[in-house]
Amino acid sequence: MASGNAIRGSRVGAGPMGEAERGESAPRIRISFWCANQHETRPSFASDAAVPETWDCPRCGFPAGQDQDNPPAPPRTEPYKTHLAYVRERRSDADGEAILAEALAKLRGEI
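In this text, all values refer to a predicted model and were calculated from it rather than measured experimentally.

### Quick look at the UniProt feature "binding site: Zn(2+)" (unreviewed entry) in the chain
Alright, step 1. On the UniProt side, "binding site: Zn(2+)" (unreviewed entry) is annotated at positions that read Cys 35, His 39, Cys 57 and Cys 60 here. For the annotated residues, spread through 26 residues, the largest C-alpha to C-alpha distance comes to 8.5 Å, consistent with a single compact locus.
Alright, step 2. Locating Cys 35 in the fold gives a position in the loop between β2 (33-34) and β3 (40-41).
Alright, step 3. Apart from residues no more than four positions distant in its own chain, Cys 35 is found in contact with Cys 57, Cys 60, Phe 62, Pro 63, Ala 64 and Pro 71.
Alright, step 4. Within the element layout of this structure, Cys 60 appears in the loop between β5 (54-56) and β6 (63-65).
Alright, step 5. Discounting chain neighbours no more than four positions away, the residues touching Cys 60 are Cys 35, Asn 37 and His 39.

Shown next as structure tokens:
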């Protein structure tokens, strides 16, 4: 049996949405951007807004530019380096051998 409450299940501010309630929207323009994988993205901007030179592609994440024939290059990703890789950049094999020999001598009680 219905309780007769007409606004049951509604929330404050609920009602028909439309231009009268929100005001007029700004004039828009759509600009095409292409990434290195030839994905086209067409975001819309206010007609008086500054359009950025690059836009992130929503499909692959690469940067996209407005020139379809010459899109921006994808970012170069560096592989993960271990601590040992960083140490090898700073020290030669001879330095490593000397440090290892010194550490072993300390463990054996020779120093």
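### Examining the side chain of Ser 32
Alright, step 1. Mapped onto the elements, Ser 32 comes out in the loop between β1 (28-30) and β2.
Alright, step 2. By relative accessible area, which is 18% here, Ser 32 ends up buried.
Alright, step 3. Within the structure, the side chain of Ser 32 is placed 2.8 Å from the side chain of Glu 40, a separation counted as a polar contact.
Alright, step 4. Looking at Ser 32, its side chain comes within polar contact range of the side chain of Arg 42, at 3.5 Å.

Scoring rules and cut-offs
- The residue count restarts for each chain, going from 1 along the sequence in the order it is written.
- Local features are withheld for residues below a pLDDT of 70 in this predicted model, meaning they are given only at 70 or higher, and side-chain atom pairs are given and counted only at 80 or more; totals for whole chains, interfaces and linings count all residues.
- The side-chain numbers reported here are obtained from all heavy atoms of the structure, hydrogens and water having been left aside.
- UniProt positions are given in the numbering used here, feature names are shortened, and annotations may be inferred rather than shown by experiment.
- We count a stretch as a helix when DSSP gives it H or I for four or more residues in a row; a strand needs E for two or more, and each element gets its number in order from the N terminus.
- Residues are treated as being in contact if the distance between any of their heavy atoms lies within 4.5 Å.
- Residue exposure (1.4 Å probe, protein chains only): buried if accessible area is under 20% of the type maximum, exposed if over 50%, otherwise partly exposed.
- Here a polar contact is taken to be a pair of N or O atoms separated by no more than 3.5 Å, where protein atoms must pair a possible hydrogen donor with a possible acceptor and residues adjacent in sequence count only if both atoms sit in side chains.

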